[in-house]
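Examining the three-dimensional arrangement
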Amino acid sequence: MKHEIILAGFGGQGVLSMGKILAYAGLMEGKEVSWMPSYGPEQRGGTANVTVIISDRRISSPVLNEYDIVVVLNQPSMDKFEPKVKKGGILIYDDYGIHKPVTRTDINVYRINAMDTASVLNMEKTFNMIVLGGLLQVVPVVQPESVILGLKETLPVRHHKLIPANETAVKKGMEIIRKI
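Residues numbered from 1 in each chain as written. Predicted model: local features only at pLDDT ≥ 70, side-chain atom pairs only at ≥ 80, totals over all residues. Heavy atoms only, no water.

Turning to the pairing of strand 6 (residues 108–111), a few remarks are in order. Summarising the sheet, strand 5 (residues 85–93) and strand 6 pair through four bridges and their orientation is parallel. By the bridge assignment, Leu 91 is partnered in strand 6 with Val 109. Alignment of strand 6 against strand 7 (residues 178–179), held across two bridges, turns out to be antiparallel. Considered in strand 7, the bridge of Tyr 110 is made with Lys 179. (Pairing = 2+ DSSP bridges. Helix = DSSP H or I, 4+ residues; strand = E, 2+ residues; numbered from the N terminus.)

In structure tokens, the structure reads:
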């Protein structure tokens, strides 16, 4: 099974980290993985996206024109990547900051209220992990336990104290995602 995924949003939303953690989780499960980030010169506030491919077989190229799964966290990313979801594919979005509804009817659409949930729970720094939990609920690309192992690999040791909060966020994301 091969999953071609793009995660997109503003810099500072944890898009690149989410992709890196997902890629590490795939590696932990012995899968073939490609991780290709793309971002502008802005560290925070500019647009950022990351393509992650997780497969049981070799990956021929990390460059894609269409995706099985698109996760968008802002309107510019929705505008750019909604047309690039493969027919029958999946679009996941956080509705915070999305002003125009999804127009396609040939894809499966899921909404996750990750930003609002993170704010209510006072867990703003785990917003991206809430989104990742939602993705894993819809398509179990990797096991949640592997995501926690991926966190241990990607987070500096000084931040390992945040792993339990991130684990809680993944579980919360799995609970709150809804099909539209």
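Following the structure, the description resumes.
On to the pattern of salt bridges, then. A complete count under the given rule lists eight salt bridges for this structure. Measuring nitrogen to oxygen at the nearest pair gives 3.2 Å for the salt bridge that ties Lys 31 to Glu 29. Look at Glu 29 and you get partly exposed, because its relative accessible area is 27%. The salt bridge involving Lys 100 is made with Asp 79; its shortest N-O contact spans 3.6 Å. Of the two residues, Lys 100 sits in the loop between strand 5 and strand 6 while Asp 79 sits in helix 2 (residues 75–81), which places them 21 residues apart along the sequence. One connected set of salt bridges, linked through shared partners, spans Lys 2, Glu 4, Asp 68 and Lys 86. (Salt bridge = Lys/Arg side-chain N within 4 Å of Asp/Glu carboxyl O. Buried < 20%, exposed > 50% of the residue type's maximum accessible area, 1.4 Å probe, protein only.)

What follows concerns unusual backbone geometry. Phi is positive for Asn 122, close to 55 degrees, though the residue is something other than glycine. Position of Asn 122 relative to the elements: it lies in the loop between helix 3 (114–120) and helix 4 (127–138). Here Asn 122 falls in the exposed class, since its relative accessible area comes to 64%.

Here we come to the packing of aromatic side chains. Evaluation of the coordinates by the stated rule reveals one aromatic pair. Residues Tyr 67 and Phe 81 carry aromatic rings whose centres are separated by 6.3 Å and whose planes lie at 80 degrees to one another, so their mutual orientation is edge-to-face. Taken as a pair, Tyr 67 in strand 4 (residues 67–72) and Phe 81 in helix 2 lie far apart in primary sequence, 14 residues in all. (Phe/Tyr/Trp six-rings, centres within 6.5 Å; stacked < 30°, edge-to-face > 60°.)

Position of Val 109 among the secondary structure elements: in strand 6. On a C-alpha basis, the gap between Val 109 and Arg 178 in space is 8.6 Å, while along the polypeptide they are 69 residues apart. The contacts of Val 109, once residues within four sequence positions are left out, are Leu 91, Tyr 93, Val 102, Arg 178, Lys 179 and Ile 180. (Contact = heavy atoms within 4.5 Å.)

With five of six residues buried, strand 4 lies mostly within the body of the structure. As defined by bridge partners, strand 1 (residues 2–10) adjoins strand 4 across four bridges and the pair is classed as parallel. Bridge pairing in strand 4 places Ile 6 opposite Val 70. Two strands pair when backbone bridges link them, and strand 4 and strand 5 are joined in this way by five bridges, in the parallel orientation. Its bridge partner being in strand 5, Tyr 67 is matched across the sheet by Val 85.

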